[in-house]
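The chain contents come next:
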Amino acid sequence: LARGIAVPGALCCKGSSAGGLTLGALLNSSEASSLVSAAILEVPFLDLLTGMSDPSLPLTVHEFAEWGDPRESDHAANLQTLSPYEGIDSHPYPKLYLTAARADARVPLWMASKYAARLRARSSRYLEGPLESTSAAATSSCTRASGGRRRRKTLPAAEPDDLEKAKQDDDLPFVLLRCSDAGHGGAADWHGQSEEFSRQITFLNKAVGQLPQ
């Protein structure tokens, strides 16, 4: 931003695994979040407190020295402040593309799923009314039954009340959650990796207005 390569509100970020934790924690800051137009979090380690409390996960016990042991109260308090899931706030978030993998032994699929659910549920209006009544998109290829795409409502006339409601709807969270059968490192073949890269680039271009919605 300081060098003029990007401008506030048109910045895109990406974080993977523990990098997703760093990016998720950053977006919990309203000031930092306002600078970002869209973010991609790949197999992100988002629920630090719960994850480090589960010794059955392959890396948990080995990473007590790095993250802390939640069985100790002071460590648990630090983990809670670091955890993106615990720190979700009420300010507007940028458009988010989350990935999770069913065969991921390092970051379980449920981390991205519960993060997306909490981010969506933080707005009571998001859960009210029929699916077509808001402009926020909430798609999930993990669980189709949990909800379809919420499409932008076409305003019949430029009435002040309608315009104000549309403005409020734009503050609702836009969260796309994609699940795959891959492991923590993504698709094993070049074709699968290229497909996912294309999805992410398309998402970012739409988020910054370079492609039609």
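Model, not experiment: these values are computed from the prediction.

Quick notes on the rules
Residues numbered from 1 in each chain as written. Predicted model: local features only at pLDDT ≥ 70, side-chain atom pairs only at ≥ 80, totals over all residues. Heavy atoms only, no water. Helix = DSSP H or I, 4+ residues; strand = E, 2+ residues; numbered from the N terminus. Buried < 20%, exposed > 50% of the residue type's maximum accessible area, 1.4 Å probe, protein only. Contact = heavy atoms within 4.5 Å. Areas by Shrake-Rupley, 256 points an atom, 1.4 Å probe, with all protein chains shown as cover. Phe/Tyr/Trp six-rings, centres within 6.5 Å; stacked < 30°, edge-to-face > 60°. Lys NZ or Arg CZ within 6 Å of the ring centre and 35° of its normal. 1 Å grid on protein atoms, 1.4 Å probe; cavity = no way out; pocket = protein on both sides within 12 Å on 5 of 7 lines; lining within 4 Å. Points joined across faces, edges and corners; volume = space filled by probe spheres on them. Nonpolar A, V, L, I, M, F, W, Y, C, P; charged D, E, K, R; others polar. Core = buried A, V, L, I, M, F, W, Y, C linked by side-chain atoms within 4.5 Å. Salt bridge = Lys/Arg side-chain N within 4 Å of Asp/Glu carboxyl O.

### A closer look at the overall build of the chain
Secondary structure assignment for the chain yields 8 helices and 5 strands. Out of the 213 residues belonging to the chain, those deemed buried represent 39%. Contacts in the chain between residues far apart in sequence, at least 24 positions, make up 71% of those at least 6 positions apart. On the chain, roughly 11700 Å² of surface is accessible, and the fraction owed to carbon and sulfur atoms is 54%.

### Considerations on the packing of aromatic side chains
One pass over the full model with this rule turns up 2 aromatic pairs. Measuring from centroid to centroid gives 6.3 Å for Phe 174 and Phe 203, while their planes differ by 50°, and the two rings are tilted. Taken together, the positions of Phe 174 in the loop between helix H7 (160-169) and strand S5 (175-180) and Phe 203 in helix H8 (residues 190-207) put the pair 29 residues apart, joining distant regions of the chain. The two residues Phe 174 and Phe 203 agree in class, both being buried. Looking at Lys 95, its charged tip hangs above the ring of Phe 174, at a distance of 5.9 Å from the centre. In this arrangement the basic side chain of Lys 114 is found over the ring face of Tyr 85, its NZ or CZ atom lying 4.5 Å from the centre.

### Details of the layout of surface pockets
Considering only enclosed or pocket space, the second largest pocket measures out at about 400 Å³ in volume. Along its surface, the second largest pocket is lined by 22 residues, and Glu 42, Ser 180, Gly 186, Ala 187 and Glu 196 are the ones closest to its centre. The biggest single contributor to the lining of the second largest pocket is H8, with 7 residues. Its residues assigned to classes, the lining of the second largest pocket shows 6 nonpolar, 10 polar and 6 charged.

### Focus: the nonpolar core
In terms of nonpolar packing, the biggest core is built from 20 residues, with Leu 27, Ala 39, Leu 41, Leu 96, Leu 98, Tyr 115 and Leu 119 touching the most fellow members. Within the residue set of this core, elements represented by two or more residues are helix H1 (18-27), strand S2 (36-42), strand S3 (95-101), helix H6 (109-121) and S5. Per-element tally for this core: the top contributor is H6, with 4 residues. Those residues in contact with Tyr 115, other than ones at most four positions away along the chain, are Leu 46, Pro 84, Tyr 85, Ile 88, Tyr 93, Leu 96 and Leu 98. Phe 45, Phe 64, Ala 76 and Val 107 belong to the second-largest nonpolar core, a separate cluster that totals 11 residues.

### What to know about the pattern of salt bridges
Counted by the stated rule, this structure contains 7 salt bridges. Note that Arg 178 and Glu 196 form a salt bridge whose closest N and O atoms lie 3.4 Å from each other. Residue Arg 178 is located in strand S5, and its partner Glu 196 is located in helix H8; the two are separated by 18 residues in the primary sequence. On the basis of relative accessibility, which here comes to 24%, the residue Arg 178 falls in the partly exposed class. For Glu 196, a relative accessible area of 15% gives the class buried. Close ionic contact of Glu 195 with Arg 199 constitutes a salt bridge, the shortest N to O distance being 3.7 Å. Of this pair, Glu 195 and Arg 199 both sit in helix H8, 4 residues apart, which is roughly one turn of that helix. Given a relative accessible area of 29%, Arg 199 falls into the partly exposed group. Residues joined in a network through salt bridges with shared partners are Arg 178, Glu 195, Glu 196 and Arg 199.

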